[in-house]
Amino acid sequence: MEQQSAPKIVYRFGNGVYINLTNRCPNLCAFCIKTKWHMDFHGNNLNLSAGEPSSNEVLCALEQELKAAPFKEVVFCGYGEPTMRLDVLWFVAQTLKGWMAQAKFPPFKIRLNTNGLGNLINHKNIVPDLRRVVDIVNVSLNAENETVWRKIVRPVSGFENGYEAVREFIRLCAAAHFDRLVASCVDKTGADAEAVKKVAEADGAVFYLRSFLDAQD
């Protein structure tokens, strides 16, 4: 039997170094690849069932990976919602900003990929704190209205009315003037991409249509 590799806290994809903070998420999206790909992402085992990494573990793994090869951005994005661990996200991002100020590494951007439910998850407006340590925010908007959103993202109990919270999060991010704000939708999920684009742009974000990924991709 083939032995699975050790879980990755930090992994590379394209020009980015990605941080895998958690597998927890208040959504169970119909298009999510973490179950279809068995918690693997292009050869990286992202299964944190044995335990989530501490801030120090993340920073140690990050420092080692950032020294290994050139990169253009550090991204909070694994197989879970990063804002579920807001304190760790904040501490790690703040440390990264410190490394940049010290010119420890060539200039890079810090990006957060999120489902936009961070304010609901943390019971407060997290955008001002994020703005101090994050440069780019990518929000998974996914639908043109709450009815379609519920069908596609399948939120857990307590988050059923989360669509408007996602839109409000996008509007708050737009008002905070991040370097870049993107709201995305996944193709072939039942959402009306043109209608989602209108919502995204009305709320102040750049629209991005993501490809639907399946087991063979």
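You'll find the structure just up there.
In this report, we go over the structure that sits alongside the text. (Residues numbered from 1 in each chain as written. Predicted model: local features only at pLDDT ≥ 70, side-chain atom pairs only at ≥ 80, totals over all residues. Heavy atoms only, no water.)

Let us now look at the pattern of salt bridges. Within the structure shown, the criterion is met by 14 salt bridges. As a salt-bridge pair, Arg-111 and Glu-73 come within 2.5 Å of each other at their nearest N and O atoms. Linking Arg-111 in strand S6 (residues 109-114) with Glu-73 in strand S5 (residues 73-76), this pair joins segments that are 38 residues apart in sequence. According to the relative accessible area criterion, Arg-111 is buried, its value standing at 10%. A salt bridge links Asp-179 to Lys-109; the shortest N-O distance between them is 2.7 Å. Here Asp-179, found in the loop between helix H7 (163-176) and strand S8 (180-186), pairs with Lys-109, found in strand S6; they are 70 residues apart in sequence, far enough to count as distant. On the basis of relative accessible area, Asp-179 is assigned to the partly exposed category, the value being 44%. Beyond isolated ion pairs, a larger network of salt bridges with shared partners links Arg-167, Glu-168, Arg-171 and Asp-203. (Salt bridge = Lys/Arg side-chain N within 4 Å of Asp/Glu carboxyl O. Helix = DSSP H or I, 4+ residues; strand = E, 2+ residues; numbered from the N terminus. Buried < 20%, exposed > 50% of the residue type's maximum accessible area, 1.4 Å probe, protein only.)

A separate point is the packing of aromatic side chains. According to the stated counting rule, one finds six aromatic pairs in the structure shown. Here the aromatic rings of Phe-71 and Phe-105 are separated by 6.1 Å at their centres, their planes lie at 65°, and the arrangement is edge-to-face. Residue Phe-71 is located in the loop between helix H2 (55-68) and S5, and its partner Phe-105 is located in the loop between helix H3 (86-101) and S6; the two are separated by 34 residues in the primary sequence. The exposure class of Phe-71 is buried, given its relative accessible area of 10%. Residue Phe-105 is classed as buried on the basis of its relative accessible area, which comes to 9%. With 5.2 Å between their ring centres and 55° between their planes, Phe-71 and Phe-108 make a pair best called tilted. Of this pair, Phe-71 sits in the loop between H2 and S5 while Phe-108 sits in the loop between H3 and S6; the two residues are 37 residues apart in sequence, bridging distant segments of the chain. Put simply, the rings of Phe-71, Trp-99, Phe-105 and Phe-108 pair up and form one aromatic cluster. Directly above the aromatic system of Phe-178 lies the positively charged group of Arg-131, at a separation of 5.1 Å from the ring centroid. (Phe/Tyr/Trp six-rings, centres within 6.5 Å; stacked < 30°, edge-to-face > 60°. Lys NZ or Arg CZ within 6 Å of the ring centre and 35° of its normal.)

Our next topic: the pairing of S6. Along any regular strand, the residues point their side chains to alternate faces of the sheet. In terms of residue burial, S6 counts as a mostly covered element, since five of its six residues are buried. Bridge analysis of S5 against S6 gives four bridges, and the strand direction is parallel. Counterpart to Phe-76 in the pairing with S6 is Leu-112. Chirality of the crossover, the property in question, places the unit of S5, H3 and S6 among those that are right-handed. Strand direction decides the pairing type here: S6 and strand S7 (residues 136-140), joined by four bridges, are parallel. The partner of Thr-114 across the bridge, within S7, is Val-139. (Pairing = 2+ DSSP bridges. Right-handed = clockwise from strand over helix to strand, strands pointing away.)

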